[in-house]
Amino acid sequence: MNSLPLKHLAIIMDGNGRWAKERGLKRVKGHEKGAEMIRGITTYCATHETIETVTFYAFSTENWKRPKMEVEFLMKLLDRYLQNELDTYQEHGVRFQAIGNLSQFSTALQKRIKKTEELTRNNTKLTQVLALNYGGRAEITDTVNRLIKEGKTEITEEDISSHLQTPYSDIDFLIRTSGEERISNFLLWQISYAEFYFTPTLWPDFTPDELDTILTDYKQRARRFGGV
Ligand code: FPP
């Protein structure tokens, strides 16, 4: 049995709306609280012995279908989040990177994203990736099209892996909050050999302590990558 690697953790943050509803609040209040919770989880990962990258699903290509006011709120929240988090990134050695089709965001938001990436590029404790307007199928399709444009006529798995927008290691462990047991088009290529964990906890209630408990469970699993 192989001991389990844990370099790349991925998290589907779900349940903000239900968290707000349970408290008689507007959905956006759940997003606000949800955005705040990312910090504690990120700093936990930055001090973890083996985690090098944590990727959060912050906005999917399907999220544009939400009411206009909610989408606008999420955009503003993201801008505010990046502005507020800069100190945390620098203090904890966190490099920030975004994946997804950013061209649909406002110019100001795209600038904020690029600026945050540049300002944190030399941080080495952890890479925090935010998936923004991200879809796994779109990522794979874009990659294949790029390879064709480069003149490739036969495409290998290695070609795709090394040309994805996320040239990070494969996902070792994927956690989804709120009790939903779906992948929702997240990192489809990279989760091929990932372990999954579904917790009923709603994202705004998800703490570093719960993550720590879940990682203890993960360490007890054995992964064979198709071998015996
Ligand atoms: C799903 O909750 C959550 C999302 C839309 C993605 C995660 C977003 C955040 C944590 C807040 C914004 C993030 C940043 C980085 C500023 P939901 O609305 O689907 O919850 P529900 O299923 O209970 O309705």
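Residues numbered from 1 in each chain as written. Predicted model: local features only at pLDDT ≥ 70, side-chain atom pairs only at ≥ 80, totals over all residues. Heavy atoms only, no water.

1. Re the sheet that holds strand S2 (residues 53-60)
Part 1 of the argument: In space, the 6 strands of this open sheet follow the order S3-S4-S2-S1-S5-S6, with parallel pairing throughout. Each of the sheet's edge strands pairs with one partner strand only, and the pair in question is strand S3 (94-99) and strand S6 (195-198). Pairs of neighbouring strands in the sheet enclose a mean axial angle of 20°, with direction left out of account.
Part 2 of the argument: With 4 bridges connecting them, strand S5 (residues 173-176) and S6 associate as parallel partners. Bridged to Ile175 within S6 is Tyr197.
Part 3 of the argument: Each of S2, S3 and strand S4 (126-134) touches helix H3 (residues 68-92); the most contacted strand, S4, lies at about 170° to it. (Pairing = 2+ DSSP bridges. Helix = DSSP H or I, 4+ residues; strand = E, 2+ residues; numbered from the N terminus. Axes fitted to C-alpha atoms, helices over the stretch in contact; angles between N-to-C directions. Contact = heavy atoms within 4.5 Å.)

2. Here we look at the pattern of salt bridges
Part 1 of the argument: Across all of its chains, the model carries 17 salt bridges by this definition.
Part 2 of the argument: One salt bridge connects Asp79 with Arg112, and the closest N-O pair in it is separated by 3.1 Å. Taken together, the residues span a long stretch of sequence, with Asp79 in helix H3 and Arg112 in helix H4 (residues 107-119) at a distance of 33 residues.
Part 3 of the argument: We classify Arg112 as partly exposed; its relative accessible area is 22%.
Part 4 of the argument: Note that Asp217 is salt-bridged to Arg221, the shortest N-O span being 3.2 Å. (Salt bridge = Lys/Arg side-chain N within 4 Å of Asp/Glu carboxyl O. Buried < 20%, exposed > 50% of the residue type's maximum accessible area, 1.4 Å probe, protein only.)

3. Details of the side chain of His31
Part 1 of the argument: Among the secondary structure elements, His31 is positioned in helix H2 (residues 27-47).
Part 2 of the argument: Beyond its immediate chain neighbours, meaning those up to four positions away, His31 contacts Asn16, Arg66, Glu70, Phe73, Leu74 and Leu77.

4. Overview of the environment of Tyr134
Part 1 of the argument: The residue Tyr134 is located in strand S4 in this model.
Part 2 of the argument: Once residues within four sequence positions are removed from consideration, Tyr134 is found in contact with Tyr57, Phe59, Ser60, Thr61, Ile99, Gly100, Glu139, Asn185, Phe186, Leu187, Leu188 and Gln190.
Part 3 of the argument: Within the local environment of Tyr134, its side chain forms a polar contact with the side chain of Glu139, the two groups lying 2.5 Å apart.
Part 4 of the argument: A polar atom in the side chain of Tyr134 sits 3.4 Å from the backbone nitrogen of Leu187. (Polar contact = N/O pair within 3.5 Å; in protein donor to acceptor, adjacent residues only side chain to side chain.)

5. Points about the site of the ligand
Part 1 of the argument: The environment of the ligand is made up of 21 residues, and the closest members are Asn16, Gly17, Arg18, Arg27 and Arg66.
Part 2 of the argument: Note that an oxygen atom of the ligand is positioned 3.2 Å from one of the side-chain N or O atoms of Asp14.
Part 3 of the argument: Summarising the interface, the protein chains cover 92% of the accessible area of the ligand, which totals 620 Å² for the free molecule.
Part 4 of the argument: When atoms are counted within 2 Å of each cavity's grid points, the one that captures over half of the ligand is the largest pocket. (Near = heavy atom within 4 Å. Areas by Shrake-Rupley, 256 points an atom, 1.4 Å probe, with all protein chains shown as cover. 1 Å grid on protein atoms, 1.4 Å probe; cavity = no way out; pocket = protein on both sides within 12 Å on 5 of 7 lines; lining within 4 Å. Sits in = over half its atoms within 2 Å of the grid points.)

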